[in-house]
2 protein chains.
Amino acid sequence: MQTYDTIIVGAGYAGLTATRELLKAGKKVILLEARDRVGGRVHTQHFEDGSYVDLGAAWVGPTQDKLYALAKEFAVETFPTYDTGKSTLFYNNKLKHYKGLIPPLPIGSLLSLDMAIKRINKLSKTVDLKSPWNTPDAAYYDSMTLATWMNRQMPFNSAKVMFKLAAEAIWAADPNEISMLHAMFYTKSCRDFDTLMNVKNGAQEERFVGGASLPALRLAETFKEHIRLKSVVRAITQQDNQVIVKGDGFELTASKVIVALPPTLAGRIEYAPIMPANRDQLTQRMPMGTVWKTYAIYDTPFWREAGLNGLSATNEGYVTVTFDNSPKDASKGIMMGFVLGNQAKAFNQLAPEERKASALDTFARFYGEKARKPLKYLDHSWAEEEFTRGCYAGLMPTGAWTSLGKALREPVGNIHWAGTETSDIWNGYIEGAIRSGERVAQEILKS
Amino acid sequence: MQTYDTIIVGAGYAGLTATRELLKAGKKVILLEARDRVGGRVHTQHFEDGSYVDLGAAWVGPTQDKLYALAKEFAVETFPTYDTGKSTLFYNNKLKHYKGLIPPLPIGSLLSLDMAIKRINKLSKTVDLKSPWNTPDAAYYDSMTLATWMNRQMPFNSAKVMFKLAAEAIWAADPNEISMLHAMFYTKSCRDFDTLMNVKNGAQEERFVGGASLPALRLAETFKEHIRLKSVVRAITQQDNQVIVKGDGFELTASKVIVALPPTLAGRIEYAPIMPANRDQLTQRMPMGTVWKTYAIYDTPFWREAGLNGLSATNEGYVTVTFDNSPKDASKGIMMGFVLGNQAKAFNQLAPEERKASALDTFARFYGEKARKPLKYLDHSWAEEEFTRGCYAGLMPTGAWTSLGKALREPVGNIHWAGTETSDIWNGYIEGAIRSGERVAQEILKS
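Residues numbered from 1 in each chain as written. Chains lettered and ligands numbered in written order. Predicted model: local features only at pLDDT ≥ 70, side-chain atom pairs only at ≥ 80, totals over all residues. Heavy atoms only, no water.

Looking at an unreviewed UniProt entry, one finds chain A named Flavin monoamine oxidase family protein and attributed to Emticicia soli. The heading Cofactor (unreviewed entry) in the UniProt record of chain A holds the text "FAD". We quote the UniProt Sequence similarities (unreviewed entry) comment for chain A here in full: "Belongs to the flavin monoamine oxidase family." (UniProt positions renumbered as here; feature names shortened; annotations may be inferred.)

## Side note on unusual backbone geometry
Omega for the bond connecting Cys391(A) with Tyr392(A) falls within 30 degrees of zero, at 0°, which places this linkage in the cis form. Along the polypeptide, Tyr392(A) turns up in the loop between strand 19 (376-381) and helix 15 (400-404). Backbone torsion omega between Ala272(B) and Pro273(B) reads -10°, so that peptide bond is classified as cis. As for its position among the elements, Pro273(B) is in the loop between strand 14 (270-272) and helix 11 (277-283). (Helix = DSSP H or I, 4+ residues; strand = E, 2+ residues; numbered from the N terminus.)

## Description of helix 16 (residues 430-446) of chain A
Here helix 16 of chain A contains 17 residues, and its C-alpha end-to-end distance of 24 Å stays within 8% of the 24 Å for a straight helix at 1.5 Å per residue. Buried within helix 16 of chain A are the following residues: Ile430(A), Glu431(A), Gly432(A), Ala433(A), Ile434(A), Ser436(A), Gly437(A), Val440(A), Ala441(A) and Ile444(A). (Expected span 1.5 Å × (residues − 1). Buried < 20%, exposed > 50% of the residue type's maximum accessible area, 1.4 Å probe, protein only.)

## A few points about helix 6 (residues 157-171) of chain A
Residue and element names in this part refer to chain A. Here helix 6 is 15 residues long and its end C-alpha atoms lie 21 Å apart, about the 21 Å a rise of 1.5 Å per residue gives. The set of residues buried in helix 6 consists of Ser158, Ala159, Val161, Met162, Phe163, Leu165, Ala166, Ala167, Glu168, Ile170 and Trp171. The first or second residue beyond helix 6 is alanine 172, which carries a positive phi of 55°.

## Considering the interface of chain B and chain A
If you look at the interface, chain B gives 42 residues, while chain A gives 43 residues. Both faces combined, the contact of chain B with chain A buries some 3,700 Å², and carbon together with sulfur accounts for 40% of it. Its largest share of buried area at the contact with chain A, chain B owes to Arg268(B), Ile274(B) and Gln284(B), together 16% of the area lost on that side. Across the chain B-chain A interface, the total number found is eight salt bridges. Arg285(A) is the partner of Glu177(B) in a salt bridge, and the nearest nitrogen-oxygen pair spans 2.9 Å. At the boundary of chain B with chain A, the tally comes to 36 residue pairs in polar contact (both at pLDDT 80 or more). Residue composition of the side of chain B that touches chain A, by class: 10 nonpolar, 19 polar and 13 charged. (Contact = heavy atoms within 4.5 Å. Buried area = accessible area lost by both parts, 1.4 Å probe. Salt bridge = Lys/Arg side-chain N within 4 Å of Asp/Glu carboxyl O. Polar contact = N/O pair within 3.5 Å; in protein donor to acceptor, adjacent residues only side chain to side chain. Nonpolar A, V, L, I, M, F, W, Y, C, P; charged D, E, K, R; others polar.)

## Here's the deal with the sheet that holds strand 5 (residues 59-60) of chain B
Residues and elements named next belong to chain B. Spatial ordering of the open sheet is given by 5-9-6, a layout of three strands whose pairing is antiparallel. The open sheet has two edge strands, strand 5 and strand 6 (78-80), and neither has a second partner. Of the strand pairs in this sheet, strand 5 and strand 9 (residues 206-208) are connected by two bridges, and their pairing is antiparallel. Its bridge partner lying in strand 9, tryptophan 59 is registered against arginine 207. (Pairing = 2+ DSSP bridges.)

## Remarks on the sheet that holds strand 6 (residues 78-80) of chain A
Taken in spatial order, the three strands of this open sheet run 5-9-6 (chain A), and their pairing is antiparallel. Each of the sheet's edge strands pairs with one partner strand only, and the pair in question is strand 5 (59-60) and strand 6 of chain A.

Next comes the structure, spelled out in structure tokens:
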């Protein structure tokens, strides 16, 4: 039986980063990955014609310093998300184009929306990021959903509809699924609500030439002899100050184990001894969000000629938000439409042809009939991927942070936890995953 | 490889009932159970001196007809829960004794509490039990927690505290963890809020001589050759219209499989093909409640001599509710204290001696110094039991019923679902488990 200093489970950005840091420190490690690739929820799909799309996380933006540094180190170029021209809103059966960040709504709704965004930003500043349960009035905000807060905050329906669209795009969940305390935590974790929503100066500001997988692939390449793919971990046993990691056809031991998986996946491993009650109860309470990415690939980004930036929103149909995801050189036109939260749960039930028809309908509504004839259509959901089970991330429902939050990061014996869900900064993003990998490596090196 | 008509996974009351029904219909079946005993969340522990306690479900009450019928069939006697004399309330540092159902609170609080109970009863009548997502205003009630509703409904803090005590005892969860729609569903499912709370004419009206396991044990005895204990199911594969069930050291096939486990456990089985997205997303969102039962066993039920019925409540400390759980003949005095919801999550962190000291402190506060010297103290939590992971039952957080509720009972290919969480009547109770077993057997016999 092979023995290591540390076994890392899960080769997403968190696991890759932890592995690298421990190797740097001279440790004997192995990184086990269930899939036949690294990257986890970040996966760039390439096509024969040279084009590619990010099926998972795609963007990078200001203050995501670790991810920028990694990209730079591995010579992965970034480029601005296209946002020249007007945005589009299809609302109450009317199509409107507008410049800038302010959607064409009645002034009362705009003021209400603006006030709500300012209010959540202000509330978020009160959050204790490292210990959200210590936030002032934590119990109060953790007892209500984001939906409840929105209903109170916004008397105007249009404001609520717009806020909901933003919230769905931010969390890939319905506002009724998320604790208000979590919404506040997440908002501060990612700087503010504006950063979360926006392209320019926001979390969607830039993309990667070659796709968001590229930094992970190149990083993995530097220590590929320490990575074991197609190795599904089934059981982790702690005994005699050693940890035994068992999977289909293998059994390895180490002094320490890092589980770099989303909590709901971490909870499915068979632990001996069983996890402490609160750790298990927590992993029962951190479901993954629900999201489809729909992609239509065209010869050209034809909407640009019409003066449109490809950023659209609607509260009708399944696709509610679109982005121009064309390559840097605009050699193809790639339109990406998000299906989010409850729309995604309904989309799950559709046949592939129905999904395609619905997405192209929405694209045509925004960008004209030409949108109905892409060279290629594809869509992707992570909810039926056994080794992810939903995206973007594990979410805190009401009550979880205040009663079980401590169990999120606290090591259990020689098992340590990583993954973007454990990060206090850029929780839910690649940046958070990298930070969690660095944090967990330090945890182990210090212990 | 042995082939069956149906394999049933999980020998709680649901699985046992399904097995029996299918055997009656002449089917070749096997019931697989992970533990070395049947009964699931119902488990009576016996001691050398002949006394016994129910570590899990314990009571039976009016309209639980299936459970009464089963008890009668197997000659298991029931007897009234002791409730002669005064109840006890320790609130705001004052100890009070009172007769009847109405606690000694200021009249404003009492009226507020009464109004809230009437209101939830009225709201519950609107629920569509078979399809809670079709309830009028389902989206509205599913977007708020029970805590949010309570805050709105009860301006008086004392009313809220009392309602919270009741809610915690009913759901083994904090009101901030439960969707208001689920609270309404559950209330109707179990007749009304009064039934849920009360001893007389309520869900706690009677107990079983010999313990609540006895009907299960005697039922299992009638087909023990069809039960395989210590058989943990790890994987279920559907192929060629057959289902293959794999566990540690066994592999069986059948035309149909019934998974009679709580949803969070059902979600941990490895399915091939993987579950439909919404089924998996649902099982990520139905956490088990959190509860400890603490027991002190004395020579006699000495509180009875003081005119107390053993029913007490407090909002201080860990144990918040107690019941007289002495045997029918009062040959011992057995006091049972519940630690519920967030108190249970905190209790999870205590050492055994701290738990004991805390529970006995509370018993002494209610019943005097004599309570500090039991013959025996024991406590039990289901959260660290690998094959249950919490009690009483899987709960619906906000948003789950309306967006994913359909996936709770809907068969997936040849896999059918049972367990008390799938029952429309007496959901969360033994009665619901039995009903789910009958329902799933009919589902299979008709298909």
